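The primary structure of each chain is shown beneath.
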Amino acid sequence: MRTVKEVSSLTGVSIRALHHYDSIGLLRPTQVTDSGYRLYDDKALEKLQIILLFKELKFPLKEIKKILDNPFFDRKEALEQQIGLLVLQREHIEGLINLAREIQTKGVKKVLDFNAFDTKKMDEYTRQAREKWGNTKAWQEFEEKSKDRTSGEEQAVGKEMMEIFREFGGLRTKEPGEGAVQELVQKLRDFITEHYYQCTPEILRGLGEMYAGGNSFTDNIDSAGGEGTAGFVKRAIDVYCSKK
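Because the structure is a prediction, the values reported are computed rather than measured. (Residues numbered from 1 in each chain as written. Predicted model: local features only at pLDDT ≥ 70, side-chain atom pairs only at ≥ 80, totals over all residues. Heavy atoms only, no water.)

Asks: How should the sheet that holds strand 2 (residues 31–32) be read in this particular structure?
Replies: With antiparallel pairing, three strands are arranged side by side in an open sheet as 1-3-2. Either end of the sheet is taken by a strand with one partner, and the two such strands are strand 1 (2–3) and strand 2. With two bridges joining them, strand 2 and strand 3 (residues 38–40) adopt antiparallel strand pairing. Bridge assignment links Q31 to a residue of strand 3, and that residue is L39. (Pairing = 2+ DSSP bridges. Helix = DSSP H or I, 4+ residues; strand = E, 2+ residues; numbered from the N terminus.)

What follows is the structure in structure tokens.
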């Protein structure tokens, strides 16, 4: 665990900014001591890295929070998008540097080239990234359902969902199509519909793919139910959806 002062020293993010991130629910400390000291673990620092990358890409804090709160958010996929956008920014900057050097050598009148100022490709990539995480119908429904929940209530919902995955872990020795397993898939679907968004079979199948995709979802589910749980959940969901 690191104190807010240690996190600030390590990351270069001011203590005031870390306090602000906490106040708006963007980055909560892992623990607050009886004396009121904020403490952060490695998972919190990983989340801070994602936040800072989005900030470097000029995403507003409110938008970053919206992205990270999205039930579909996948850190691995988001990082790939961030890398893609950073590469585009590098190419844009290199183009401007090359143009400036050419002007320096030949003079402004002989270099009437404005292509280096074109940011359409970068803007389109950013728009697609924002749409991916913030403008889906499921996200809008989730936002409506969760708007009045406190941070504590949100954490309680998350723990309940992890408990369902823990139940899946206890059934891993059974076949995915067995009655008890399929009843648990229905329980998961109902839980998602109640607390997040209308979980159609199509959405549920997509979630199954994401759960077993070798990302943070996989790690969290396997942590709750034991190694291989995420893959088992996916197979059980596939059986369930094939009958719908």
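That shown, we press on.
Asks: I keep staring at the packing of helix 9 (residues 179–195) against helix 10 (residues 201–211) and nothing clicks. Help me out?
Replies: Packed helices, taken two at a time, are described by their axes: the angle between them and the distance between them. Here helix 9 crosses helix 10 at 105 degrees, and the two axes come no closer than 11 Å. Here helix 9 is positioned roughly perpendicular relative to helix 10, judged by the angle of their axes. Across the interface between the two elements, V185, L188, R189 and I192 of helix 9 pack against P201, L204, L207 and Y211 of helix 10. The class makeup of the residues in the contact of helix 9 with helix 10 is seven nonpolar, no polar and one charged. (Axes fitted to C-alpha atoms, helices over the stretch in contact; angles between N-to-C directions. Parallel < 35°, antiparallel > 145°, perpendicular 65-115°, else oblique. Contact = heavy atoms within 4.5 Å. Nonpolar A, V, L, I, M, F, W, Y, C, P; charged D, E, K, R; others polar.)

Asks: Looking at this model, I keep getting lost on the pattern of salt bridges. Mind explaining?
Replies: Opposite charge on two side chains permits them to pair, given that their charged atoms come into close proximity. Taken as a whole, this structure holds nine salt bridges when the rule is applied. In this structure, the salt-bridge partner of R2 is D42, at a minimum N-O distance of 3.4 Å. Highlighted residues: R2 in strand 1 and D42 in helix 3 (residues 42–56), separated in sequence by 40 residues. For R2, a relative accessible area of 31% corresponds to the partly exposed category. Its relative accessible area of 53% is what places D42 among the exposed residues. The residue D238 makes a salt bridge to R205 at a minimum N-O spacing of 3.6 Å. Of the two residues, D238 sits in helix 12 (residues 229–242) while R205 sits in helix 10, which places them 33 residues apart along the sequence. Overlapping salt bridges bring together R205, E209, K234 and D238 as one network. (Salt bridge = Lys/Arg side-chain N within 4 Å of Asp/Glu carboxyl O. Buried < 20%, exposed > 50% of the residue type's maximum accessible area, 1.4 Å probe, protein only.)

Asks: It is not clear to me how the environment of M161 should be interpreted in this structure. Could you clarify?
Replies: Locating M161 in the fold gives a position in helix 8 (residues 151–170). Linking M161 and F191, residues 30 residues apart in sequence, is a C-alpha distance of 7.6 Å.

Asks: Looking at this structure, I do not really get helix 9. What am I missing?
Replies: Residues spaced three or four apart along an α-helix face the same direction, because each turn holds 3.6 residues. Here helix 9 contains 17 residues, and its C-alpha end-to-end distance of 24 Å stays within 8% of the 24 Å for a straight helix at 1.5 Å per residue. Taken together, the buried positions of helix 9 are V181, Q182, L184, V185, L188, R189, F191, I192, T193 and H195. (Expected span 1.5 Å × (residues − 1).)

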